[in-house]
Amino acid sequence: MPYGWLGTGCEIADISPGVVERALRESYARYYSESPGDSQVGAWQDELAWLSASFKVVPETCGWGVVLEYELPGEGGRRPDVVVLTSNRLIVLEFKRGRMRPGHVDQVKAYASDLRDYHSESHNLPVDPVLVYTDRPGVRVEEDGVRVIGPDRLPEILRDLDGFDGRQNMEHWARGTYAPLPSLVGAAKRIFRDEPLPAIRRAESA
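Please read all numbers here as calculations on a predicted model, not as lab measurements. (Residues numbered from 1 in each chain as written. Predicted model: local features only at pLDDT ≥ 70, side-chain atom pairs only at ≥ 80, totals over all residues. Heavy atoms only, no water.)

(A) Spotlight on the overall build of the protein chain. Secondary structure summary: the protein chain contains eight helices and seven strands in total. Put simply, the protein chain has 206 residues, and 44% of those count as buried. The long-range share in the protein chain, meaning contacts at least 24 apart out of those at least 6 apart in sequence, stands at 62%. Entry remark: accessible area of the protein chain is about 10,700 Å², with carbon and sulfur atoms responsible for 50%. (Helix = DSSP H or I, 4+ residues; strand = E, 2+ residues; numbered from the N terminus. Buried < 20%, exposed > 50% of the residue type's maximum accessible area, 1.4 Å probe, protein only. Contact = heavy atoms within 4.5 Å. Areas by Shrake-Rupley, 256 points an atom, 1.4 Å probe, with all protein chains shown as cover.)

And the structure:
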């Protein structure tokens with residue numbers, strides 16, 4: 001499975017955090033061939049507590065899809081913390097602690113951009129990046145197109161991003177293909193190796 005846990009808003013609100021944490025531990029061990037460290041487990045526990053509380057107070061999100069630690073295939077272990085599929089958009093949540101850093105903003109913005117551009121089931125959806133600082137309650141700002149919030153503001157964000165009509169199949173989304181564009185160097189190599197160059201052919205003919 002290319003993710004740590006998958007379910008719905010209702011399930012993340014009601015399921016025992018220990019069950020989800022165990023799934024995340026097992027997924028981490030399979031992917032990295034080692035057990036997660038204490039800091040990683042602590043981060044998951046913070047994240048799960050706030051997710052559960054937020055989905056409980058916004059019952060309209062019951063049918064939304066939620067996937068934790070979704071693996072971006074071929075991306076060297078890049079895994080957004082949480083991807084939420086509403087009826088009409090995708091929300092990418094990244095949880096952090098400490099002071100806001102430009103690298104944190106860039107990270108969640110890149111996750112959102114890559115899912116929008118390269119994931120087959122996300123091409124026609126708005127994708128919203130949200131950065132959640134679990135130790136900064138009350139914060140709500142926007143930085144370079146990214147919503148930056150404290151954890152207590154997460155229910156507001158879920159309401160603001162709407163999409164309460166109907167639902168989509170998160171398992172179907174998770175099985176979608178992911179095809180990043182080739183790097184500039186890789187594309188150039190393929191052109192020179194595999195494709196004719198019209199300008200050179202014309203020069204040779206002359």
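(B) Examining the pattern of salt bridges more closely. Counted under the stated rule, the structure contains twelve salt bridges. Its salt-bridge partner being Arg25, residue Glu21 comes within 3.1 Å of it at the nearest N-O pair. In this pair, Glu21 and Arg25 are both assigned in helix H2 (residues 17-32), four residues apart and thus about one turn of the helix distant. Look at the salt bridges and you will find they share partners, linking Arg140, Arg153, Glu156 and Asp160 into a network. (Salt bridge = Lys/Arg side-chain N within 4 Å of Asp/Glu carboxyl O.)

(C) Seen up close, the side chain of Ser52. Structurally, Ser52 is set in helix H3 (residues 38-57). Within the local environment of Ser52, its side chain forms a polar contact with the backbone oxygen of Ala13, the two atoms lying 3.1 Å apart. The residues touching Ser52, leaving out its near neighbours within four places in the chain, are Ile12 and Ala13. (Polar contact = N/O pair within 3.5 Å; in protein donor to acceptor, adjacent residues only side chain to side chain.)

(D) The packing of H2 against H3, seen in detail. Two elements in contact, H2 and H3, have axes whose closest approach is 10 Å; the angle formed by their N-to-C orientations is 140°. Judged on the interaxial angle alone, H3 and H2 are oblique. Seen from above, H2 lies across H3 with right-handed handedness. On H3, the residues that touch Pro17, Val20, Glu21, Leu24, Arg25 and Tyr28 of H2 are Gln40, Val41, Trp44, Gln45 and Leu48. Across the contact of H2 with H3, the residue classes break down as seven nonpolar, two polar and two charged. (Axes fitted to C-alpha atoms, helices over the stretch in contact; angles between N-to-C directions. Parallel < 35°, antiparallel > 145°, perpendicular 65-115°, else oblique. Left-handed = near helix turned anticlockwise from the far one by under 90°. Nonpolar A, V, L, I, M, F, W, Y, C, P; charged D, E, K, R; others polar.)

(E) Layout of unusual backbone geometry. Within the chain, Ser33 stands out as a residue other than glycine whose phi angle is a positive 60°. By secondary structure assignment, the location of Ser33 is in the loop between H2 and H3. Although it is not a glycine, Glu69 sits at a positive phi angle of roughly 55°. Mapped onto the fold, Glu69 is located in the loop between strand E2 (65-68) and strand E3 (82-85).

(F) Here's a closer look at the sheet that holds strand E7 (residues 146-149). Taken together, the seven strands give an open sheet; going across it, the order is E1-E2-E3-E4-E5-E7-E6, and neighbouring strands pair in mixed fashion. The sheet is open, and its two edges are formed by strand E1 (5-8) and strand E6 (140-143), each paired on a single side. Neighbour-to-neighbour, the strand axes of this sheet turn through a mean angle of 20°, independent of strand direction. In this sheet, E3 lies alongside E2 in antiparallel orientation, the contact comprising four bridges. Residue pairing for E3: Gly65 is matched across the bridge by Leu85. (Pairing = 2+ DSSP bridges.)

(G) Representation of the nonpolar core. Membership of the largest hydrophobic core comes to 27 residues, with the highest contact counts inside it found for Leu51, Phe55, Leu68 and Leu93. Contributions of two or more residues to this core are made by helix H1 (9-14), H2, H3, E2, E3, strand E4 (90-96), strand E5 (127-133) and helix H5 (154-160). No other element matches H3, which puts five residues into this core. When residues no more than four places from it in sequence are discounted, the contact partners of Leu51 are Ile12, Leu68, Val82, Leu93, Phe95 and Leu154. The next biggest cluster of nonpolar side chains, apart from the first, holds 25 residues, and it includes Val67, Val83, Val108 and Ala112. (Core = buried A, V, L, I, M, F, W, Y, C linked by side-chain atoms within 4.5 Å.)

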